[in-house]
Amino acid sequence: MGLPDLEPDDEDVRPRGEADHGSEGDGAPAGRRRRPLWVTVPLAVIAGIVAIAVLTPLTVAARVWYQARQDERPRSDAIIVLGAAQYNGVPSPTLQWRLQHALDLYRAGVAPAIVTVGGKAPGDNFTEAESGRKWLIRKGGVPASKVVAVPVGRDTLESFKAVGKEFERLHWSSGVIVTDPWHGLRSKRMAEDNGIHAAASPTRSGPSVQTRDTQFQYIVRETGGYLSYVLLGKSVKTPSETIKIIHGDPTAPAPPGGSPTGTPSP
């Protein structure tokens, strides 16, 4: 009885001694080749740059959002009111909101003094700092000796450089900043860089908190402003903010002469 013919298995078809390329070297699967370093390294670098470019602004925006929701009121040497527009010596509604909030903090015993900040535009008769100081004394009943005006600055950074020197002169070290919510993170960083141990207690009134669209716009602007300062050492000016604030408030009284004067909000 004859034996049946046996067909060789597929695996046995390969000539003897042929190497299994998938089992050699670093164990890479059969048929796959490692990318050369001159391809892998540039791809990794590009991926890292893209990740940084995307994640950094998102992280800063999250910090701006988080800081805006904090109301920090530690016992401090002074309350710092950042400037906004004034009308021939009369604070704009935005500046009045800030001054009123500072007055509330002062009456609550957060600090024994208030510092008003802000210079003036060419042609103005009064500075933001002077206008704020007069309002606190006349309308708020704060003793004149307890209100210090620093009439310097067309932007936040310039103002804080002057405030830092005034704090040093008065031997003060800590301050609570009063400004709009989204401005808190950048303001604190600039204050710290000028020798002030800073906290932020923002106002809750005004166009910056009216709608979600407005809030988003302010967050985007402040994210760019913070990165501009940290990376380039520059302060972002907002030349249209004063006009937007006044016309965005239907309850705001018309300014004398019908047009705003004073510098933009820092």
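Remember, predicted model here, so these are calculated numbers, not experimental data.

Enquirer: So what exactly am I meant to see when it comes to the packing of helix α5 (residues 184–193) against helix α6 (residues 212–232) here?
Expert: Axis angle and axis distance: for two packed helices, these are the angle between their axes and the distance between the axes, and together they describe the pair. α6 packs onto α5 with a crossing angle of 20° between their chain directions and a minimal axis gap of 9 Å. By the angle between their axes, α5 is roughly parallel relative to α6. Read as a crossing pair, α5 and α6 show a hand that is left-handed. Together, Leu185, Arg186, Arg189, Met190 and Asp193 of α5 and Glu222, Gly225, Tyr226, Tyr229 and Val230 of α6 make up the contact between the two elements. Tallied by class, the residues present in the contact of α5 with α6 amount to five nonpolar, one polar and four charged.

Enquirer: Explain the pairing of strand β6 (residues 174–178) to me, please; I cannot follow it from the model alone.
Expert: Residues in a regular strand point their side chains to alternate faces of the sheet. Among the five residues of β6, five are classified as buried, and the element is accordingly described as predominantly covered. Side chains of β6 alternate between two faces, with Ser174, Val176 and Val178 and Gly175 and Ile177 buried alike. In this sheet, β6 lies alongside strand β1 (residues 78–81) in parallel orientation, the contact comprising four bridges. Across the sheet, the residue bridging to alanine 78 is glycine 175, located in β6. In this sheet, strand β7 (residues 197–200) lies alongside β6 in parallel orientation, the contact comprising four bridges. Within β7, the position partnered with valine 176 by the bridge is alanine 199.

Enquirer: Looking at this model, I keep getting lost on the pattern of salt bridges. Mind explaining?
Expert: Oppositely charged side chains may form a pair once their charged atoms are brought near each other. Enumeration according to the criterion identifies seven salt bridges in this entry. We note a salt bridge from glutamate 72 to lysine 188, for which the minimum N-O separation is 3.2 Å. Taken together, the positions of glutamate 72 in the loop between α1 (37–68) and β1 and lysine 188 in helix α5 put the pair 116 residues apart, joining distant regions of the chain. Looking at glutamate 72, the relative accessible area reads 22%, which means it is partly exposed. Residue class for lysine 188 comes out buried when judged on its relative accessible area of 17%. Put simply, Arg186, Arg221 and Glu222 are held in one network by salt bridges that share partners.

Rules behind the numbers
Residues numbered from 1 in each chain as written. Predicted model: local features only at pLDDT ≥ 70, side-chain atom pairs only at ≥ 80, totals over all residues. Heavy atoms only, no water. Axes fitted to C-alpha atoms, helices over the stretch in contact; angles between N-to-C directions. Helix = DSSP H or I, 4+ residues; strand = E, 2+ residues; numbered from the N terminus. Parallel < 35°, antiparallel > 145°, perpendicular 65-115°, else oblique. Left-handed = near helix turned anticlockwise from the far one by under 90°. Contact = heavy atoms within 4.5 Å. Nonpolar A, V, L, I, M, F, W, Y, C, P; charged D, E, K, R; others polar. Buried < 20%, exposed > 50% of the residue type's maximum accessible area, 1.4 Å probe, protein only. Pairing = 2+ DSSP bridges. Salt bridge = Lys/Arg side-chain N within 4 Å of Asp/Glu carboxyl O.

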